[in-house]
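Residue-level structure breakdown
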Amino acid sequence: MKVNISIQDFKKIKPIAKKTKCKIKIDSKKGMPFFFHRYQKRKIFLLFFLLVMIGTIALSNFIWNIEITGTDKIDPQEIKQLLEENDFKVRNK
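Throughout this document, residue positions are counted from 1 along each chain, in the order its sequence is written. Two thresholds apply to this predicted model, a pLDDT of at least 70 for residue-level local features and 80 or more for giving and counting side-chain atom pairs, whereas whole-chain, interface and lining totals are computed over all residues. Excluding hydrogens and water, the side-chain values take into account all heavy atoms of the structure.

A word on the overall build of the protein
- Going along the chain from the N terminus, every DSSP run of H or I of four or more residues is numbered as a helix, and every run of E of two or more is numbered as a strand. Scanning the protein from terminus to terminus reveals four helices and zero strands.
- Listing every helix and strand of the protein by position from the N terminus yields α-α-α-α.
- The size measure is the radius of gyration over C-alpha atoms, and the globule rule it meets is 2.2 Å times the number of residues to the 0.38 power. In terms of C-alpha radius of gyration, the protein reaches 28 Å, well past the compact-globule figure of 12 Å for 93 residues.
- We call a residue buried when its accessible area falls under 20% of the maximum for its residue type, exposed when it is over 50%, and partly exposed in between, using a 1.4 Å probe and counting protein chains only. Every one of the 93 residues in the protein was classed for burial, and the buried ones make up 1%.
- Each accessible area is a Shrake-Rupley result for a 1.4 Å probe, and residues are judged covered by the shown protein chains and nothing else. As displayed, the protein has an accessible area near 9,900 Å², and 60% of this comes from carbon and sulfur atoms.

Dropping the structure here:
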């Protein structure tokens, strides 16, 4: 029989399995506690992972590039002026 159970339930089943003389075999361990246990000796990996996540979140809050194209009715300079008035920094190439 195969079942998916939590760690707490596994601890409850162990005494029952001993009384009934059944064998328990764990196929795979999944979840955050097992992930962290597997990588607890790799602290630099964890630090690097956290730095990458913080950097990704911080840099995703910025608008890196806006290209103004296809403006037949409005002059691109007017759009740039409106952006500057609304506290956007406009750099000309």
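There is more to say, and it comes next.
Section: a nonpolar patch on the surface
- There is a patch of nonpolar side chains on the surface, built from M32, F35, F36, F45, L46, F49, L50, M53 and I54 and spanning about 860 Å² of accessible area.
- For the nonpolar patch, the secondary-structure elements that each account for two or more residues are α2 (32-38) and α3 (43-59).
- Considering each element in turn, the nonpolar patch owes the most residues, six residues, to α3.
- Here F35 lies in helix α2.
- Its relative accessible area of 34% is what places F35 among the partly exposed residues. Patch definition: residues with relative accessible area over 30% and no salt bridge; like charges joined within 9 Å; nonpolar side chains (Val, Leu, Ile, Met, Phe, Trp, Tyr) joined within 5 Å. For this analysis, a salt bridge means a side-chain nitrogen from Lys or Arg found within 4 Å of a carboxyl oxygen belonging to Asp or Glu.

Observations regarding the environment of P15
- By the secondary structure assignment, P15 is in helix α1 (residues 7-19).
- Between the alpha carbons of P15 and L82 there is a distance of 72 Å; along the sequence they are 67 residues apart.

Some remarks on the environment of K11
- Structurally, K11 is set in helix α1.
- Considering only alpha carbons, one finds K11 and I74, 63 residues apart in sequence, at a separation of 70 Å.

What to know about the environment of I13
- If you trace the backbone, I13 turns up in helix α1.
- Take I13: its relative accessible area is 33%, and that puts it in the partly exposed class.
- Residues I13 and I24, spaced 11 residues apart in sequence, show a C-alpha to C-alpha distance of 9.2 Å.

Describing unusual backbone geometry
- Its identity as a non-glycine residue notwithstanding, K21 has a phi of 55 degrees, on the positive side.
- One can find K21 in the loop between α1 and α2.
- With relative accessibility at 78%, the residue K21 sits in the exposed group.

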